[in-house]
Amino acid sequence: MKEFRRLVDAEKVVGFVEVTGSGVALALAPIAAQERVPIMSGIDSSPDLTEKGGPYFFRVIPSDAYSGKVLSEWTVGTAMRRATLVYNQQNGWATGFRSAIVTAYRARGGELPDDAIVPVSDDTINFSGAISRMKQSKPQAWFVGLMGRQAALFVKQASEKGVKGPFFGVDNLAQTEFVQGAGEGLENTRLALPAEAQTSRAKDFANRYKAAEGRDADAIAYKAYDAYIVLEDVIKRLQAAGKPVTGPNLKDQLEKTHVEGLAGAIEFDEHHRSEEH
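Within each chain, residue numbers correspond to sequence positions counted from 1 in written order. With the structure being a predicted model, the display of local features is reserved for residues of pLDDT at least 70 and the display and counting of side-chain atom pairs for 80 or more, all residues being used for whole-chain, interface and lining totals. To obtain the side-chain values, all non-hydrogen atoms of the structure were used and water was disregarded.

Moving on: the packing of helix α10 (residues 219–240) against helix α11 (residues 247–254). Axis definition: a line fit to C-alpha positions, over the contact stretch in the case of helices; interaxial angles, taken between N-to-C directions, run 0 to 180 degrees. Working definition: helices are DSSP H or I runs of at least four residues, strands are E runs of at least two. Numbering for both runs from the N terminus. With their axes 10 Å apart at the nearest point, α10 and α11 run at an angle of 110 degrees to one another. When the axes of α10 and α11 are compared, the pair comes out roughly perpendicular. Along this stretch, α10 crosses α11, giving a crossing that reads as right-handed. For the pair α10 and α11, the contacting residues are Val230, Leu231, Val234, Ile235, Arg237 and Leu238 in the first and Asn249, Leu250, Gln253 and Leu254 in the second. Of the residues assigned to the contact of α10 with α11, the class counts are seven nonpolar, two polar and one charged. Convention used here: angles under 35 degrees read as roughly parallel, angles over 145 as roughly antiparallel, angles from 65 to 115 as roughly perpendicular, and any remaining angle as oblique. Take the far helix as the reference: if the near one is turned anticlockwise from it by less than a right angle, the crossing is left-handed, and if turned clockwise, right-handed. Here, two residues are considered to be in contact whenever any of their heavy atoms come within 4.5 Å of each other. Ten residues, namely Ala, Val, Leu, Ile, Met, Phe, Trp, Tyr, Cys and Pro, are considered nonpolar, four, namely Asp, Glu, Lys and Arg, are considered charged, and the remaining ones, Gly among them, are considered polar.

Quick look at the structure:
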């Protein structure tokens, strides 16, 4: 929050590409609206941002409300009708993911009772108690509302205790920290992600990313790049029209956006959400 204020007040920043974390985005969205400074996100997927993101928050990643429906249709549709869920109760993205999964899975006819929903905290690294509690409901699907290293620790420890999953998540389970740390549990991990980009632009980006970083781009990298090129396109359009690059002008042009992303055309709906198509 302090750094956001410094950038806006002292550095006169008029737009942001990314606020890392849905919880941070939810906290900053009202301030961004008050200061009339757009935030463009490629990773903040909390369902709460659809309504609480306000007029100056935009995103190019689907809400977890949509991802929750996809995961629920996938699991219940393949006869996994009994589930459990672990989530970080101190993380804004994770609490949104929990709500999305619980709502969608139960609506689809799946069994996800309250006692099978297990909260943990930021500092949790030993998941023995959570795993034992989750096992009690004899789940057929394990939803993971954790991120990075914490998600990896959970899946690795569960696998070492004989849990075969499957473990379900979204781009939280595509992060490099998870892939490198999940151990044998990785092979029992299932993800719902935006369609993999197969365009020439996406392939070029993948090659350039690997050359620069020494590793393959993950789903977050693709969406973060999309967020960048959208804001870059808007700035160029304002400059070409001879208009000042201000927050309100950026917002106005973002609402009119039609730009080619890595997977297809990007446009925003009335809630400033976009799905490439």
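The next subject is the sheet that holds strand β5 (residues 117–120). Through backbone hydrogen bonds, the strands of a sheet pair up, either in parallel or in antiparallel fashion. Read from one edge of the open sheet, five strands run β5-β4-β6-β7-β8, paired in parallel fashion. The strands lining the two open edges of the sheet, one partner per strand, are β5 and β8 (189–191). Adjacent strand axes in the sheet meet at a mean angle of 25 degrees, parallel and antiparallel pairs treated alike. Sheet topology note: the strand β7 (residues 167–169)/β8 ladder contains three bridges and is parallel. Across the sheet, Phe168 pairs through a bridge with Arg190, a residue of β8. For two strands to count as paired, DSSP must find a minimum of two bridges between them.

Checked against the element boundaries, Arg237 lands in helix α10. Judged by its relative accessible area of 27%, Arg237 falls in the partly exposed class. The contact partners of Arg237, leaving out residues within four places of it in the chain, are Gln253 and Thr257. We define a polar contact as two N or O atoms separated by no more than 3.5 Å, with the added condition that, inside protein, one atom must be a possible hydrogen donor and the other a possible acceptor, whereas residues neighbouring each other in sequence contribute only through side-chain atom pairs. Engagement of the side chain of Arg237 in a polar contact is seen with the side chain of Thr257, the distance being 3.4 Å. Residue exposure (1.4 Å probe, protein chains only): buried if accessible area is under 20% of the type maximum, exposed if over 50%, otherwise partly exposed.

Reading across the sheet, the three strands line up as β1-β2-β3 and stay open at both edges, with parallel pairing between neighbours. Each edge of the open sheet carries a strand with a single partner, namely β1 (16–17) and β3 (57–59). Where strand β2 (residues 39–41) lies against β3, three bridges are found, and the strand directions are parallel. Bridged to Ile39 within β3 is Phe57.

Only one rule defines a salt bridge in this text: a Lys or Arg side-chain nitrogen within 4 Å of an Asp or Glu carboxyl oxygen. All told, the structure shown has twelve salt bridges when counted by the stated rule. Glu232 is the salt-bridge partner of Lys236, the closest N and O atoms lying 3.7 Å from each other. With Lys236 and Glu232 both in helix α10 and four residues apart, this pair spans about one turn of that helix. Overall, the relative accessible area of 29% leaves Glu232 in the partly exposed class. We note a salt bridge from Lys256 to Asp252, for which the minimum N-O separation is 3.2 Å. In this structure Lys256 comes out as exposed when scored by relative accessible area, which is 53%. Among the residues examined, Asp252 registers a relative accessible area of 31% and is labelled partly exposed. When salt bridges with common partners are traced through the structure, they connect Glu3, Arg6 and Glu11 into a single cluster.

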